Amino acid sequence: MAKPLKLIMFDFDGTLVDSQHAIVAAMSEAFRGIGLAAPEPAAVRGVVGLRLETAVAALMPQAEDGAVAEAVAGYRQAFLAQRSRLDFEEPLFPGARAALDALDRPEILLGIATGKSRRGLLICLERHGLVERFATLKTADDGPGKPHPEILRRAMDEVGVGPGETVMIGDTTYDIQMALNARTHAVGVSWGYHEPGDLTAAGAHRIIDSFDDLAPTLSTLEVHAS
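Residues numbered from 1 in each chain as written. Predicted model: local features only at pLDDT ≥ 70, side-chain atom pairs only at ≥ 80, totals over all residues. Heavy atoms only, no water.

S.K.: Looking at this structure, how should I read the overall build of the protein?
M.R.: From N to C terminus, the protein includes ten helices and six strands. Here the protein has a C-alpha radius of gyration of 17 Å; the compact-globule value for 226 residues is 17 Å, and the two agree. The principal-axis extents of the C-alpha atoms in the protein amount to approximately 60 × 35 × 30 Å. Counting all 226 residues of the protein, 51% fall into the buried class. Considering only intrachain contacts with a sequence separation of at least 6, the fraction spanning at least 24 residues in the protein is 64%. When the accessible surface of the protein is totalled, it reaches about 10400 Å², and 51% of it is carbon and sulfur. (Helix = DSSP H or I, 4+ residues; strand = E, 2+ residues; numbered from the N terminus. Rg over C-alpha atoms; globule rule 2.2 N^0.38 Å. Buried < 20%, exposed > 50% of the residue type's maximum accessible area, 1.4 Å probe, protein only. Contact = heavy atoms within 4.5 Å. Areas by Shrake-Rupley, 256 points an atom, 1.4 Å probe, with all protein chains shown as cover.)

Dropping the structure here:
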């Protein structure tokens, strides 16, 4: 019988929560605030998962560093203003909570590796009552952004689990590349912000189409030597 994986790491935006509308709105406001046209929503979705500074720079490749910094500050201000509204929504994807419930077992550790700030991540986790579900939270505050493997490696070190016992689940090519760089399993989700074909091309070991597919898919991944 195959040994079960010990550490299951999730991306956040686009994997557990559907935050694209909030992200696109905040980015549009940030760009307009410095006199630039708002980027196309598809372009914004394409950089979700990167550190904010990297994402903004990718959306304005010809801009001076000062303009990038202004847009980053504007984005943070816009996003915090959104969260203060009573009608703000950043919903979990269908089946996400049930999937986390199913994985809530003593032999399994859950974690998050995200390009969000720790502050932003904790606000959203608290809103959904999920803070205590995760043994490790790694954010843009903890190291280089995806696809660099540092935050994933730090998560494994924190809980004492090796790459061969770990899987990274995410919706972007950055998640898949980070997992491969860290020598862990990589599972892509088809409901997020990058196309499933791009995830496969990036090297995903499996692609799932719903959270109902998660547990059966994880059972097919064999623990391997680190």
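From this point, the narrative continues.
S.K.: Which parts of the structure should I look at to understand the packing of aromatic side chains?
M.R.: Here a ring pair, both rings aromatic, is described through the centre-centre distance and the interplanar angle of the planes. In the structure shown here, the tally under the stated rule is four aromatic pairs. Chaining the aromatic ring pairs together yields one cluster made of Tyr75, Phe79 and Phe88. (Phe/Tyr/Trp six-rings, centres within 6.5 Å; stacked < 30°, edge-to-face > 60°.)

S.K.: I keep staring at helix α3 (residues 52–59) and nothing clicks. Help me out?
M.R.: Residues that lie three or four places apart on an α-helix share one face, since the helix turns once every 3.6 residues. Residues of α3 that are buried: Leu52, Ala55, Val56 and Leu59. Buried residues of α3, seen end-on, are gathered within an arc of 95° and therefore sit on one face of the element. (Arc of directions from axis to C-beta.)

S.K.: Looking at this structure, I do not really get the nonpolar core. What am I missing?
M.R.: As a rule of thumb, soluble globular proteins bury nonpolar side chains together. Counting residues in hydrophobic clusters, the biggest one holds 31 residues, and the most contacted among them are Phe10 and Phe134. Secondary-structure elements contributing two or more residues to this core are β1 (7–10), α5 (96–102), β2 (109–113), α6 (118–128), β4 (166–170), β5 (185–189) and α10 (214–218). (Core = buried A, V, L, I, M, F, W, Y, C linked by side-chain atoms within 4.5 Å.)

S.K.: Even after reading the chapter, I still don't get the packing of α3 against helix α4 (residues 65–83), so can you show me in this structure?
M.R.: Packed helices, taken two at a time, are described by the angle their axes make and the gap between the axes. Two numbers describe how α3 lies on α4: the axes approach to 9 Å, and their chain directions differ by 120°. The angle between the axes of α3 and α4 places the two elements in the oblique class. The element α3 and its partner α4 pack so that their crossing is right-handed. Contacts between α3 and α4 pair Leu52, Glu53, Val56 and Ala57 from the former with Val68, Ala71, Val72, Tyr75 and Arg76 from the latter. Of the residues that constitute the contact of α3 with α4, the class distribution is seven nonpolar, no polar and two charged. (Axes fitted to C-alpha atoms, helices over the stretch in contact; angles between N-to-C directions. Parallel < 35°, antiparallel > 145°, perpendicular 65-115°, else oblique. Left-handed = near helix turned anticlockwise from the far one by under 90°. Nonpolar A, V, L, I, M, F, W, Y, C, P; charged D, E, K, R; others polar.)

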